[in-house]
Every structure is written in structure tokens, then in C-alpha cells.
Amino acid sequence: MKRAGCLFLAVVPVLVTAGAYFLAPSDSGTDASKESVSTSQAARDDARAKAERKHADDRAADDKLIASLPPGLAAPDKKELAHKIVSTAENSTLDWRTSYDYIEDLDDGQGYTAGIAGFCTGTHDLLALVERYTEDHPDNGLAAYLPALREVDGTDSHEGLDPGFTDAWRAEAEVPAFREAQEQERDRAYFDPAVRLAKLDGLGTLGQFVYYDAMVFHGPDTDPTGFYGMRELALEKAGTPAAGGSETEFLNTFLDVRREAMKSSEHARHNDTSRIDTAQRAFLQAGNLNLDTPLVWRMYGETYQVP
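Notes on the structure in this doc start here. Because the structure is a prediction, the values reported are computed rather than measured.

1. Digging into the side chain of E185
Link 1 in the chain: The topology assignment puts E185 in helix α7 (residues 176–200).
Link 2 in the chain: Residue E185 is classed as buried on the basis of its relative accessible area of 4%.
Link 3 in the chain: Discounting residues that sit within four places of it in the chain, E185 has contacts with F119, D125, A128, L129, R132 and Y190.

Here it is as C-alpha cells:
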């Protein structure tokens, strides 16, 4: 239906233009038409420029607000703690630095899952990582797989990747520059935007972690099972602290929405809600909104603790 509608709308200007051509008594009509088009384009350009200025002003105001707030999850010790908790969910270990070379297909419809943040060949983030890394290190061992990675992006296919891609990933993970690239992409795609938005929503350190873990697992998508989509669903039911709502109530609502999204997944791995039930919800129920240590949680039945 959308395609047909677009085609119909595309025909209308052609008919109008043809009619104007045959009815015009002289070239003056054509000149007027050109002037009208030029005026309309100028108006659109002006509106776009105003929108861009407003966006820049809004971002500057947000930056100023965030700069006035405590570092929260962005503090070095809290950030390290956040990575440890996520690592227990993604790789069943507190030592997230042992996962640079991790790669396997979890049969979850997302192709190969790899690295410290579970970058996937089927969800664009692994492709983005390798593209950015290759810009600075064109002779790296993964660059040859870029055409195949672009082809399989959005699918669970291994076409063009097997049999050598997994070995190439593990070998490149021994290179310090690639390890740094993984950390930079994790922060750029997941950590920084999640913490930024949580702070703008008035959430403390625990709330910032809740956003970060959801961003890593669900991705920055707007559908009901993506991070931004789940946040919108939560906002329909509860207000953020920035909007005068209760922080605990909002976080409980967000976790409820997220739990429902995970349970609706057709892949068994995504159905396990340990990272909510026996970790984040436990911290929230304990009133640990600052994510203070010592911290104890359970993930998939195994107990972890940070003194």
C-alpha cells in the first residue's frame, strides 16, 4: 500500500506540470513557476536550518545539565563494575577482559556473537566495529571479510565468513589496537548513549546500569523489543524522576516491560530473565540505587560478588 501511494503521489506533479505547460500563454508562466519552486526550496532550507539550530541548542543544554551531575555509572570504578555485571550475563565471568577473542554462533538468529559486548554479524554492530577499525588499521586480519559482513548484515548467515572468520577474529583479538577498538565501539554504541539518556531521565547509578544492560542486549532499536521502544512503553505507564515520577516505580516499570519483551522472544537464550530477576531487580528491591558495593547477584543460577 505504501508503495502504491508513493507512485500515485509521484504522478500528480507530472500531470500538473504538463497542464501548466499547455495552458501557459508565454514563458512568463514558466518563470513564475521556477520562482515558486525556488521560494519553496528556500523555505525548506530555512526550516531545516532552524531545526538543526534547535537540535544543537537542545544538545548544548543537555550537555550543560549532565556536566553538573555526579559521574554516576561513568565513574571509573562504577563503569568497571557495570562491565563485570554485564560480562556475567554475556560470558559467565566477572573478568570481561577475557572475552575479546570470544566468538560463536548461539543459534539465536543473530549470526556470530563476538567480543566484549556480544557484537553480532546479524545486528550491524560487529560490521560497524570492523569498519571503524579498518579505517585506522587497513591491513588488519578482518578487513578481507568486510564484503561478506555487509552481505550477511541483518541475517544469521555465515556466507562468505566460514571457515576462516572465527580464527581471524581470535587472532586479531590478540592485537592491542583491536581490543581498544572493541572498547571504543562498546562505549560509542551502548554505554555512552545509555548513561546519557538515563541521566537526562533523572536516574541514578543503578538506573543508568539498567539502561546500559538493556542497550547491550536489545540494541538501540525503536520497536517494542528494542531499547528505545521499551523505554517509550515504560513512559506510558510511569514518569521518570526528571518528569516528577518515582525512580523506583519507573525502574520497576521499565524492568517489567523489558522482562515481557524477553519472554516474548522466540529464541530460548533470550527468554532467560536472570539479568533482571536475580540481578537488577534484586539491587532495586534492596534500595541500592547507587549500585554500591559489596554487591552479590545470581546469573543463570551461579552466584557472583564484588567486594
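2. Re the nonpolar core
Link 1 in the chain: Ranked by size, the top nonpolar core spans 70 residues in total, and within it F165, W169, Y211, Y212, L291 and W297 carry the most contacts.
Link 2 in the chain: Among all residues touching W297, those that are not within four sequence positions of it are I85, T88, L94, T278, A279, F283, E302, T303, Y304, Q305 and V306.

3. Topic: the packing of helix α3 (residues 76–90) against helix α8 (residues 205–218)
Link 1 in the chain: Close contact between α3 and α8 brings their axes to 11 Å; oriented N to C, the two are set at 40°. Our classification of the angle between α3 and α8 gives oblique. Seen along the crossing, α3 lies across α8 with a hand that is right-handed. Note on element contacts: α8 touches α3 through T205, F209, Y212, D213, V216 and F217, opposite K78, A82, H83, I85, V86 and E90.

4. Brief notes about the pairing of strand β4 (residues 295–299)
Link 1 in the chain: On β4, burial follows the alternation: L295, W297 and M299 on one face are buried, whereas V296 and R298 on the facing-out side are not.
Link 2 in the chain: Bridge count between β4 and strand β5 (residues 302–306): 5 bridges; the pairing is antiparallel. Note on β5: the bridge partner recorded for R298 is T303.
Link 3 in the chain: Following β4, the chain reverses through 2 residues before pairing antiparallel with β5; Y300 in that reversal takes a positive phi of roughly 55°.

The rules behind the values
Residues numbered from 1 in each chain as written. Predicted model: local features only at pLDDT ≥ 70, side-chain atom pairs only at ≥ 80, totals over all residues. Heavy atoms only, no water. Helix = DSSP H or I, 4+ residues; strand = E, 2+ residues; numbered from the N terminus. Buried < 20%, exposed > 50% of the residue type's maximum accessible area, 1.4 Å probe, protein only. Contact = heavy atoms within 4.5 Å. Core = buried A, V, L, I, M, F, W, Y, C linked by side-chain atoms within 4.5 Å. Axes fitted to C-alpha atoms, helices over the stretch in contact; angles between N-to-C directions. Parallel < 35°, antiparallel > 145°, perpendicular 65-115°, else oblique. Left-handed = near helix turned anticlockwise from the far one by under 90°. Pairing = 2+ DSSP bridges.

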